[in-house]
Amino acid sequence: HGCLDRYFKISERGSSLRTEIMAGAVNFVANAYLLVLMPRILQQGGIDQRVAITAFVLSTAVGSCLVGLTANLPVPVGPGLGCAAFFAYGLTGSHETTDVAVTQMAITVCMLSGCVMSLLSVVDLPRRVFGIVPKSVKDAMPIGLGLL
């Protein structure tokens, strides 16, 4: 308990382990709909639903742990609905596709985009680009993104 408090600076930030655990539980419940929705969308792109559930859960768990442990941020990280919809409806181009080559190409495109984004993060490009964006645009972004 003391190690967790020191590493994550829980007391220093005015919180408690109990509060953080409750916040994590609320965060999980608020995002639980994705456990049903995401595999269904990916299934329409040609991915077996059981495989989609497993991949979604594992990638979300690994991503969230990495962000929590490296950036010390309590943020869930995983595949987004927009990306899943783009995969299922944009890249594969059909509902319930059975064309394995199309599905494999779409998976490759998604993997390559993830690699590019990881590389850009390693060289700190997103922070530098975001640093030159005017404050008024930064303030408006969450609202604009919410309306999309």
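Definitions and limits used
Residues numbered from 1 in each chain as written. Predicted model: local features only at pLDDT ≥ 70, side-chain atom pairs only at ≥ 80, totals over all residues. Heavy atoms only, no water. Buried < 20%, exposed > 50% of the residue type's maximum accessible area, 1.4 Å probe, protein only. Helix = DSSP H or I, 4+ residues; strand = E, 2+ residues; numbered from the N terminus. Arc of directions from axis to C-beta. Contact = heavy atoms within 4.5 Å. Polar contact = N/O pair within 3.5 Å; in protein donor to acceptor, adjacent residues only side chain to side chain. Salt bridge = Lys/Arg side-chain N within 4 Å of Asp/Glu carboxyl O. Core = buried A, V, L, I, M, F, W, Y, C linked by side-chain atoms within 4.5 Å.

A. Spatial organisation of helix α5 (residues 81–91). Taken as a whole, α5 has its buried residues at Ala 84, Phe 87 and Ala 88. For α5, the angular spread of the buried residues around the axis is 80°, confining them to a single face. Away from its buried face by more than 90 degrees, α5 exposes Gly 82 and Cys 83. Where α5 is buried, its residues contact α3 (33–44) and α6 (100–122). Just downstream of α5 lies Gly 93, where phi reads positive at about 70°.

B. Quick peek at the side chain of Thr 60. Locating Thr 60 in the fold gives a position in helix α4 (residues 49–71). A distance of 2.8 Å separates a polar side-chain atom of Thr 60 from the backbone oxygen of Phe 56.

C. Broad picture of the pattern of salt bridges. Applying the stated rule across the entire model yields three salt bridges. For Arg 50, the salt bridge is made with Asp 48, and the minimal N-O distance between the two is 3.5 Å. With relative accessibility at 64%, the residue Arg 50 sits in the exposed group. Classification of Asp 48 by relative accessible area gives partly exposed; the value is 35%.

D. Structural view of the nonpolar core. Membership of the largest hydrophobic core is limited to 11 residues, which are Leu 34, Met 38, Ile 41, Leu 42, Ile 47, Ala 52, Phe 56, Ala 84, Phe 87, Ala 88 and Ala 106. Broken down by secondary-structure element, the contributors of at least two residues to this core are α3, α4 and α5. Examining the composition of this core, we find that four residues originate from one element, α3, more than from any other. With sequence-adjacent residues up to four places away left out, Ala 52 is seen in contact with Pro 39, Leu 42 and Ile 47.

E. Up close: unusual backbone geometry. In the Ramachandran plot, Lys 9 falls in the positive-phi region, its phi being about 55° despite a non-glycine side chain. Along the chain, the position of Lys 9 falls in the loop between α1 (2–8) and α2 (17–31). In this structure, Asp 124 is a non-glycine residue whose phi angle is positive, near 65°. You can see Asp 124 is positioned in the loop between α6 and α7 (125–131). Residue class for Asp 124 comes out partly exposed when judged on its relative accessible area of 26%.

F. Local environment of the environment of Leu 125. For Leu 125, the position within the fold is in helix α7. On the basis of relative accessibility, which here comes to 35%, the residue Leu 125 falls in the partly exposed class. Separated by 106 residues in the primary sequence, Leu 125 and Thr 19 have C-alpha atoms spaced 34 Å apart.

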